[in-house]
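# Examination of the molecular architecture
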Amino acid sequence: MFKDIKNSFPVYTKNPKLVFLDTAASALKPESVIKTINDCYAYEYSNIHRGLYSLSANLTKKYEEVRLKISKFISAESAENVVFTKSATEAINLVVETYSEKFFSTGDEVIISYLEHHSNIVPWHMASKKYGFKVIAAEITEEGSIDVKDLIEKINNKTKFISLTHMSNVTGSITNFEKISDVAKNNNIPLLIDGCQHIAHAPINVDNLGCDFYVFSGHKIYGPSGVGVLYMKDKWFDKLDPYQGGGSMIEKVEIDQTTFAKGFQKFEAGTPPIVQVIGLGASLDFLNQYKLKEIFNYEKELYDYAYEKLDSLNNITIYGQSNQKGAILAFNIKDIHPNDVAVILDQKNIAIRTGHHCAQPLMKRLNINSTARVSFGIYNNEDDVDYFIEAIKETKNFFK
Ligand SMILES: Cc1ncc(COP(=O)(O)O)c(C=O)c1O
């Protein structure tokens, strides 16, 4: 099914031997997405939501159709539950700030985990300083997943929010939200799920997940950067105040006071990421040609193939052994710095990521400073893995 899929990604036309193994950082873009963005700027562009002329009205309609498309993609109640932001990071900051200012008091607690990306740590630190609550982290298991038992034990009557990753960008483990969301619901604790790594690789249903908020970025799902999505359950639209003020988010402005628009508009101040949203719509059309479950199985098979081959080499440590995980493979080679691995691989036209992956607390937990990381997308295949493994063998020989 995915045999000729590289043909849909123009980067492989220019650079056919590229072995791109960094989809967890940002996915490559299919031709259809690039064309949609180009066409939008070339032939359809104007500002939206305001103009009475056809160009503006037509693009407004297209833009709002993407909101609907996203709501279907994540099985949200309706398009009205989708807020556009400029990134997942901004979406998390929006929730953290608007929730904190209204609902946190000194001594309250928020629970995150050691598996989080900095985007789901730092905003909490910043708000905790401002509003006086504590940030508590759930431990991780030996397999590199969130330790659900530890997390649940940490919930108490001071817990006011739980904010967790759906899939780790380092260990790849997928969080099982069944128990977590039950306990959160029973104790009236809102739950935010950071879906950045999960969104392009497996189907989701925000209702089944039992979350109040779900966030992801366009660029991780074969769409453009500069757009993020925040799903919000109905009740929060009235409970939270706006994040930013400006055009589009108002009902009425007088010189000394403002009343705000209702619903998602309240959280979308200023000119929105118009063309990015249109591009994101095209990326969903691209993905909707396939079944997400099939994408997951395909990428997981590739991961298993790569894992087996890498694990069979000497002196390799792989981080993340959960049997519920996506196609992310973080590893180190004994006595070789991951950056040296990346530089040598780059000479062979292989793109991998190294460093702390914006997860320094996790690195500390694992007693390391950094790892190399391979992550798969829909365009990868076994030839990519074979070439990568040969390059790793050569790297090891080079440093012998
Ligand atoms: C798990 C996770 N959360 C959040 C983010 C932040 O996404 P963005 O930088 O697109 O806002 C990333 C990006 O790498 C991520 O991997």
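Since the model is a prediction, treat every value here as computed from it, not as a measurement.

Helix and strand content of the chain: 14 helices and 15 strands. For the chain, the residues scored as buried account for 44% of the 400 residues in total. Excluding contacts between residues fewer than 6 apart, the proportion of contacts in the chain whose partners are at least 24 apart in sequence is 70%.

Around the ligand, a shell composed of Ser-87, Ala-88, Thr-89, His-117, Ser-119, Thr-165, Asn-169, Asp-194, Cys-196, Gln-197, Ser-217 and His-219 is seen. Grouping the constituent residues of the shell around the ligand by class yields two nonpolar, nine polar and one charged.

In this section: the pairing of strand β7 (residues 213-217). Counting buried positions over the five residues of β7 gives five, a clear majority of the element. In β7, alternate side chains face the same way, and those of Phe-213, Val-215 and Ser-217 on one face and Tyr-214 and Phe-216 on the other are all buried. Here strand β6 (residues 191-194) pairs with β7 via three bridges, running parallel. Following the sheet pairing, Ile-193 is matched in β7 by Tyr-214. Bridge count between β7 and strand β8 (residues 228-232): five bridges; the pairing is antiparallel. Across the sheet, the residue bridging to Ser-217 is Gly-228, located in β8.

Moving on, we come to unusual backbone geometry. The phi dihedral of Tyr-222 is positive, around 70°, even though this residue is not glycine. Within the fold, Tyr-222 resides in the loop between β7 and β8. Residue class for Tyr-222 comes out buried when judged on the 27 C-beta atoms lying within 10 Å of it. Positive phi, normally seen in glycine, also occurs at Cys-358, with a value near 55°.

Moving on to the nonpolar core. If you look at the biggest cluster of nonpolar residues, it comprises 107 residues, and the most contacted ones within it are Phe-213, Val-215, Val-229, Leu-230 and Tyr-231. Val-229 has contacts with Ile-70, Val-82, Phe-84, Ala-91, Val-215 and Phe-216, leaving out every residue within four places of it along the chain.

A common measure of how large an interface is: the accessible area buried when the components associate. Taken as a whole, the chain is organised into domain 1 (5-30 + 291-398) and domain 2 (33-288). Its C-alpha centre places domain 1 at a distance of 27 Å from the equivalent point of domain 2. Elements represented by at least two residues in the side of domain 1 that touches domain 2 include exactly α11 (292-311), β12 (328-333), α13 (360-365) and β15 (371-375). If you tally residues by element for the side of domain 1 that touches domain 2, the top one is α11, at five residues.

We now examine the environment of Gly-51. Relative to the elements of secondary structure, Gly-51 occurs in the loop between α2 (31-44) and α3 (54-73). By C-beta crowding, Gly-51 is classed as partly exposed, having 14 other C-beta atoms within 10 Å. Not counting residues up to four positions away in its chain, the partners in contact with Gly-51 are Ser-46, Ser-56 and Ala-57.

Moving on: the sheet that holds β8. Taken in spatial order, the seven strands of this open sheet run β2-β8-β7-β6-β5-β3-β4, and their pairing is mixed. Looking at the sheet topology across the chains shown, the edges are occupied by β2 (82-85) and β4 (134-138). Going from strand to strand, the sheet's axes swing by 20° on average, the running direction of each strand aside. In terms of strand pairing, strand β3 (residues 109-113) meets β4 through five bridges, oriented parallel. Bridged to Val-110 within β4 is Val-135.

The four strands are arranged β11-β12-β15-β14 in an open sheet whose pairing can be described as antiparallel. Two strands lie at the open edges of the sheet, namely β11 (316-319) and β14 (353-355), each paired on one side alone. Here the strands of the sheet are splayed against their neighbours by 30° on average, with no regard to which way each runs. Relative to β15, β14 runs antiparallel, the two being bridged by three bridges. Bridged to Gly-355 within β15 is Thr-371.

This paragraph deals with the packing of α11 against helix α14 (residues 382-398). Describing two packed helices takes the angle between their axes plus the distance from one axis to the other. Orientation of α11 relative to α14, taken along the N-to-C sense of each, is 20°, at an axis distance of 10 Å. Overall, the two elements α11 and α14 adopt an arrangement that is roughly parallel. Read as a crossing pair, α11 and α14 show a hand that is right-handed. When α11 is examined against α14, the residues Leu-302, Tyr-305, Ala-306, Lys-309 and Leu-310 are found in contact with a partner set consisting of Glu-382, Val-385, Ile-389 and Ile-392.

With that settled, the discussion passes to the environment of Ser-163. Looking at the secondary structure, you find Ser-163 in strand β5 (residues 159-165). For Ser-163 and Ser-113, which are 50 residues apart along the polypeptide, the C-alpha to C-alpha distance reads 8.0 Å. Discounting residues that sit within four places of it in the chain, Ser-163 has contacts with Val-110, Ile-112, Asn-120, Trp-124 and Leu-192.

Moving on, we get to α2. The terminal C-alpha atoms of α2, which comprises 14 residues, lie 18 Å apart, in line with the 20 Å expected from a rise of 1.5 Å per residue. Listed in full, the buried residues belonging to α2 are Val-33, Thr-36 and Cys-40. With its buried residues spanning 60° around the axis, α2 presents them on a single face. Facing away from the buried side of α2, by more than 90 degrees, are the exposed residues Asn-38, Tyr-41, Ala-42 and Tyr-43.

Criteria and thresholds
Residues numbered from 1 in each chain as written. Predicted model: local features only at pLDDT ≥ 70, side-chain atom pairs only at ≥ 80, totals over all residues. Helix = DSSP H or I, 4+ residues; strand = E, 2+ residues; numbered from the N terminus. Buried ≥ 20, exposed ≤ 12 C-beta atoms within 10 Å, placed from the backbone. Contact = placed C-beta atoms within 7 Å. Near = placed C-beta within 6 Å. Nonpolar A, V, L, I, M, F, W, Y, C, P; charged D, E, K, R; others polar. Pairing = 2+ DSSP bridges. Core = buried A, V, L, I, M, F, W, Y, C linked by C-beta atoms within 7 Å. Domains from an automatic or database assignment. Axes fitted to C-alpha atoms, helices over the stretch in contact; angles between N-to-C directions. Parallel < 35°, antiparallel > 145°, perpendicular 65-115°, else oblique. Left-handed = near helix turned anticlockwise from the far one by under 90°. Expected span 1.5 Å × (residues − 1). Arc of directions from axis to C-beta.

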